[in-house]
Amino acid sequence: MIAADEWWSELAPEEGQGASWRIGPLTLRVIRLKAEWRVAWRVQDEEAEPTMEVDVPVEELDDRWTIRRYGFSTTTPSCRLAPALSDRTIVSRPAIPFVVPPGQSINLLVSTPLWLRVEVEGAAIQELPTLRLSDTWFGASTREGQLCYAARTHLRTVHDPVELPGWRALTPVRVSNRAADPLVVERLALPVPRLSIYRDGDSFWTSAVTLERPPEGEEEARVIVEPGAPTPGAARLGEPRSVSDENPVARVFNSIFR
Amino acid sequence: MDAILNDIRAAIDAELLWSLAQALLILVVGYLLSRLVRARSAAVLQRLGLETYSGILVVTVSWLVFGLAIAAALQHLGFDLSVILGAAGVFSVAIGFASQTSFSNVISGLFLAMERSFNVGDVIKAGTITGEVLSVDLLSVKLRTFDNLFVRIPNEALVKGEITNLSRFPIRRADFVMTVPYGVDLDRVRDLLKALAEQEPLAMVEPPPVFQILSTSELGVQLQLSVWAARERYLDMRTATQIAIREALDAAGIAHPLPRRVMVNEAPMKD
């Protein structure tokens, strides 16, 4: 067993061997054969802190596993499980509604589950969420909006103690209410595909996000992804999936507050 | 004298030949123009989001251009267009009667293009037919049904009838109707159904699932659970939720009610 903070490092499995990971509710195996890579995973009820086991031999897996085979002319010993972020915006619903009074700005921390990217020989062959999230719709109507994932959140402030599972990433969110009436945060849509992933200490982080609600009649609401690292010592592990200037979250945000 | 007449005849023939050549040139230019319109309009219609209807629109416009070229060529040859149009009018009335349905379909196709109710690739329901739109043509719309049949629906039938576009909006709602026997705790059933909708990842959290009591009948109380899903995952969600409902109701001991009659005999019993 290898320490949890090394589970995304590059591996060089021998032919007929591979590695196994247990991350949150997900168990994942990557096995190297002569002309194929075999990826298998299953979801368990219990959640676990990330662990990795190497030199796992080929063995028959029962029907609780989902298996994919990826053919190569010949395989070379190079594989990695890379931490990544969601492929859709995640709409977090606070367990208790959070109110930002007029003129106030609040710094919050929102956690979202990691996605895992299986990379072999430098190419990504499979991607999986550590936790399967429900679909949800974020929009002003059923005709206009965005397909997202839904998640529950405790919506911690930066002053609350955070004990984060090792398979979730923290996003610093600054919510600024410049309007004349209180802003009730019942849902918080994080544009996760536009965020980078970082590692600082024992935790995964994402780029920081600022949500600005303007005064009545002024410019449109803004969702800003801060360009730098979220904490001073954070090291970037991955780029954003989408670098599009077009911001569907802001568009929906505007349509709600218009 | 003969020489003069021959010269005149030659001059007339030359003039006629020259006119014929010019008329032919007009026709050729008109034909090339109609081909150009045909080639260019596909790109223009694509920019306008009308590529679905390009078949019918391109053919109509290119024939219109070529028709104008024919009219111009005839006028150049000295034909009186009003006479020709008059004769054509009588002729077209005869043709019109003979091909009334076809013209109706062409005109209906233009109306469909104006309304833009669906595009190629959309899944529509027209009458009893549900299928994916393969093409919108001059006379008809071609569909592929889910059991892989090719169906041709005349444009006129689509204009006259009701069309449901199942692909227009990104999310869809599935309604699950069930009947539970009298005496069952309906609050418990509601909590049960809402919980299973929350646990199904394909069922959307928002818009939230809706539980309602539809009616009462001799069988029991008719309930409905309405759940939203992404359009692409609608069928998967509907199947998964239907199974989950059945399993949850079975696990809770709530069986589908059977028809029941209570017979009351009010006649006095005889010893």
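This is a predicted model, so every value here is computed, not measured.

Here is what the cut-offs are and how they apply
- Along each chain, residues carry numbers from 1 onward, in the same order as the chain's sequence is written.
- Going through the entries in the order they are written, you letter the chains from A and number the ligands from 1.
- Residue-level local features of this predicted model are given only where pLDDT is at least 70; pairs of side-chain atoms are given and counted only at 80 or more, and the full residue set underlies all totals for whole chains, interfaces and linings.
- Computation of side-chain values covers all heavy atoms of the structure but excludes hydrogens and water.
- Helix and strand assignments follow DSSP, with helices taken as H or I runs no shorter than four residues and strands as E runs no shorter than two, numbered in order from the N terminus.
- C-alpha atoms define the radius of gyration in this analysis, and the globule rule sets the expected value at 2.2 Å times the number of residues to the power 0.38.
- For every residue, the accessible area (1.4 Å probe, protein chains only) is compared with the maximum for its type, and the residue is labelled buried under 20%, exposed over 50%, or partly exposed between those bounds.
- Here the open area of atoms and residues is found with the Shrake-Rupley method and a 1.4 Å probe, where only the protein chains shown may cover a residue.
- The positive count covers Lys and Arg only, the negative count covers Asp and Glu only, and His and the chain ends enter neither.
- The atom standing in for a charge is NZ when the residue is Lys, CZ when it is Arg, CG when it is Asp and CD when it is Glu.
- One bridge is not enough; two strands pair if DSSP finds at least two bridges between them.
- The axes are straight lines fitted to the C-alpha atoms, using for helices just the contacting stretch, and the angles between their N-to-C directions are given from 0 to 180°.
- Here, two residues are considered to be in contact whenever any of their heavy atoms come within 4.5 Å of each other.
- What gets called buried area is simply the loss in accessible area from a 1.4 Å probe that two parts show on being joined, summed for both.
- The rule for a salt bridge is simple: a side-chain nitrogen of Lys or Arg has to be within 4 Å of a carboxyl oxygen of Asp or Glu.
- Counted as a polar contact is a pair of N or O atoms within 3.5 Å, where, for protein atoms, one must be capable of donating a hydrogen and the other of accepting one, and residues adjacent in sequence contribute only when both atoms are in side chains.
- Residue polarity is assigned by list, with Asp, Glu, Lys and Arg as charged and Ala, Val, Leu, Ile, Met, Phe, Trp, Tyr, Cys and Pro as nonpolar; anything else, Gly included, falls into the polar class.
- To estimate the expected span of a helix, subtract one from its residue number and multiply by 1.5 Å.
- In this description, one arc is meant: the one made by directions from the helix axis to the C-beta atoms.

Focus on the overall build of chain B
So, step 1. Looking only at helices and strands, chain B features 7 helices and 8 strands.
So, step 2. In summary, chain B has a C-alpha radius of gyration of 34 Å against a globular reference of 18 Å for 271 residues, an excess of more than 25%.
So, step 3. Every one of the 271 residues in chain B was classed for burial, and the buried ones make up 31%.
So, step 4. Counting only carbon and sulfur atoms, one obtains 62% of the accessible surface of chain B, whose full area is about 17,300 Å².
So, step 5. A distance of 2 Å separates the average location of the 24 positive side-chain charges in chain B from that of its 27 negative side-chain charges.

Observations concerning the sheet that holds strand S11 (residues 146-153) of chain A
Across a sheet, paired strands are connected by hydrogen bonds in the backbone, their directions being either parallel or antiparallel.
All names here are of chain A.
So, step 1. One open sheet accounts for 4 strands, arranged S10-S11-S5-S15; its pairing is mixed. Among the strands making up the open sheet, the edge pair consists of strand S10 (134-138) and strand S15 (188-190). Across the sheet, the mean angle separating the axes of adjacent strands is 45 degrees when strand polarity is ignored.
So, step 2. Pairing between strand S5 (residues 90-94) and S11: 5 bridges, direction parallel. Note on S11: the bridge partner recorded for Ser-92 is Ala-151.

Looking at the interface of chain B and chain A
So, step 1. Taken together, the contact between chain B and chain A spans 15 residues of the former and 13 residues of the latter.
So, step 2. Both faces combined, the contact of chain B with chain A buries some 1,300 Å², and carbon together with sulfur accounts for 59% of it.
So, step 3. Between chain B and chain A we count 3 salt bridges in total.
So, step 4. Arg-187 of chain A is the salt-bridge partner of Glu-206 of chain B, the closest N and O atoms lying 2.9 Å from each other.
So, step 5. The interface formed by chain B and chain A includes 7 residue pairs in polar contact (both at pLDDT 80 or more).
So, step 6. The class makeup of the residues in the side of chain B that touches chain A is 11 nonpolar, no polar and 4 charged.

Focus: helix H6 (residues 186-199) of chain B
Residues and elements named next belong to chain B.
So, step 1. Here H6 contains 14 residues, and its C-alpha end-to-end distance of 20 Å stays within 8% of the 20 Å for a straight helix at 1.5 Å per residue.
So, step 2. All of the buried residues in H6 are Val-189, Leu-193, Leu-196 and Ala-197. The arc enclosing the buried residues of H6, seen along the axis, measures out at 105 degrees, which places them on a common side. Turned more than 90 degrees off the buried face of H6, the exposed positions are Glu-198 and Gln-199.
So, step 3. Buried residues belonging to H6 abut strand S6 (171-180), strand S7 (210-216), strand S8 (221-230) and helix H7 (234-251).
So, step 4. The opening residue of H6, the one whose side-chain oxygen lies 3.1 Å from the backbone nitrogen of Asp-187, is Asp-185.

Some points on the environment of Asp-250 of chain B
Residues and elements named next belong to chain B.
So, step 1. Looking at the element boundaries, Asp-250 is found in helix H7.
So, step 2. Given the relative accessible area of 47%, Asp-250 is considered partly exposed.
So, step 3. It is 81 Å that separates the C-alpha atoms of Asp-250 and Ala-73, two residues lying 177 residues apart in sequence.

Notes on the side chain of Arg-168 of chain A
So, step 1. In this structure, Arg-168 of chain A sits in strand S13 (residues 168-177).
So, step 2. Despite its burial, Arg-168 of chain A remains without a salt bridge, the nearest opposite charge being carried by Glu-47 of chain A at 6.3 Å.

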